[in-house]
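Okay, here's what each chain looks like letter by letter:
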Amino acid sequence: DAGITQSPRYKITETGRQVTLMCHQTWSHSYMFWYRQDLGHGLRLIYYSAAADITDKGEVPDGYVVSRSKTENFPLTLESATRSQTSVYFCASRDTTNYEQYFGPGTRLTVT
Amino acid sequence: DAKTTQPPSMDCAEGRAANLPCNHSTISGNEYVYWYRQIHSQGPQYIIHGLKNNETNEMASLIITEDRKSSTLILPHATLRDTAVYYCIVKARGGGADGLTFGKGTHLIIQP
């Protein structure tokens, strides 16, 4: 189906483990984004990408790694998960001419 | 990006028009007004945007004052499914950091 999908939708992991959240979009949008949403903070930008192989830091990038080898995929990796990274993670995309972003359904991550 | 101010919550009766205000008194000439909403446990959803003219689409209308210091999102016939947090975001197009800055928004509750 067309659109933007995230997987897994729910994940529980332990402190210190590596975990990767996947984001896939079928629109061939150039721009993709990762946000986290915590109670009391709203959505905060972690990383974004303007095209394949081009990524840049957002507001809260520490502890996260991203890659963009293909236009349609933008995985987010927590190299060594910490409890403070327990959050809901949203991926988004947009094309080059229209600035409205389209969001995925989110991944709820719990780090124990 | 200019800062926005929204009321934390509003109620509206089902079938009536919901009018959500947003103040953005420091908006610059090249900044657009965007509206998104987030229904509980879902990803944010783009609604509408505008620069200085009023805009209408299938979801809503956006009224921007002549001095551009405030705007109103209008949902013409609110339904229970419109209960959500509504975010007013002011953002210029282009430039470096491309993410959206979400404030606390307005929690709109549609009453049956």
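Calculation criteria
Residues numbered from 1 in each chain as written. Chains lettered and ligands numbered in written order. Predicted model: local features only at pLDDT ≥ 70, side-chain atom pairs only at ≥ 80, totals over all residues. Heavy atoms only, no water. Buried < 20%, exposed > 50% of the residue type's maximum accessible area, 1.4 Å probe, protein only. Helix = DSSP H or I, 4+ residues; strand = E, 2+ residues; numbered from the N terminus. Pairing = 2+ DSSP bridges. Phe/Tyr/Trp six-rings, centres within 6.5 Å; stacked < 30°, edge-to-face > 60°. 1 Å grid on protein atoms, 1.4 Å probe; cavity = no way out; pocket = protein on both sides within 12 Å on 5 of 7 lines; lining within 4 Å. Points joined across faces, edges and corners; volume = space filled by probe spheres on them. Nonpolar A, V, L, I, M, F, W, Y, C, P; charged D, E, K, R; others polar. Contact = heavy atoms within 4.5 Å. Buried area = accessible area lost by both parts, 1.4 Å probe. Polar contact = N/O pair within 3.5 Å; in protein donor to acceptor, adjacent residues only side chain to side chain. Salt bridge = Lys/Arg side-chain N within 4 Å of Asp/Glu carboxyl O.

(A) Quick peek at the pairing of strand 3 (residues 31–38) of chain B. All names here are of chain B. For strand 3, the buried fraction is high: eight of the eight residues fall into the buried class. Where burial is concerned, the two faces of strand 3 agree: the one with E31, V33, W35 and R37 and the one with Y32, Y34, Y36 and Q38 are both buried. Bridge analysis of strand 3 against strand 8 (residues 84–92) gives eight bridges, and the strand direction is antiparallel. Following the sheet pairing, Y34 is matched in strand 8 by I89.

(B) Layout of the packing of aromatic side chains. Taken as a whole and judged by the stated rule, the model has 14 aromatic pairs over all chains. Taking 5.9 Å as the distance between ring centres and 65° as the angle between the ring planes, the aromatic pair formed by Y64 of chain A and Y89 of chain A counts as edge-to-face. Residue Y64 of chain A is located in strand 7 (residues 64–66), and its partner Y89 of chain A is located in strand 9 (residues 87–94); the two are separated by 25 residues in the primary sequence. Y89 of chain A carries the same exposure label as Y64 of chain A, and that label is buried. Three or more aromatic residues joined by ring pairs make a cluster, and in this case those are W27, Y31, F33, Y35, Y48, Y102 and F103 of chain A together with Y36, Y46, Y87 and F102 of chain B.

(C) Summary view of the layout of surface pockets. In this structure, the largest pocket encloses a volume near 790 Å³. Q37 and L39 of chain A together with Q38, H40 and S41 of chain B are, among the 33 residues lining the largest pocket, the residues nearest its centre. Looking at the lining of the largest pocket, the elements that each hand over two or more residues are strand 4 (31–38), strand 9 and strand 11 (107–111) of chain A together with strand 8 and strand 9 (106–111) of chain B. Top element by residues in the lining of the largest pocket is strand 11 of chain A. It accounts for four residues. Among the residues forming the lining of the largest pocket, the class breakdown is eleven nonpolar, 18 polar and four charged.

(D) How the structure looks around the interface of chain A and chain B. Of the residues lining the interface, 18 residues belong to chain A; the matching set on chain B comes to 19 residues. For the chain A and chain B pair, buried surface summed over both sides reaches about 1500 Å², with 53% attributable to carbon and sulfur atoms. Where chain A packs against chain B, one counts three residue pairs in polar contact (both at pLDDT 80 or more). If you list the elements that add at least two residues to the side of chain A that touches chain B, you get strand 4, strand 5 (42–51), strand 9 and strand 10 (102–103) of chain A.

(E) Spotlight on the pattern of salt bridges. Residues and elements named next belong to chain A. For the structure on display, the rule yields four salt bridges over all chains. The salt bridge partner of D38 is R36, with a shortest N-O separation of 2.9 Å. R36 matches D38 in its accessibility class, with the two residues each being buried. One network of salt bridges, with partners in common, ties together R36, D38 and R44.

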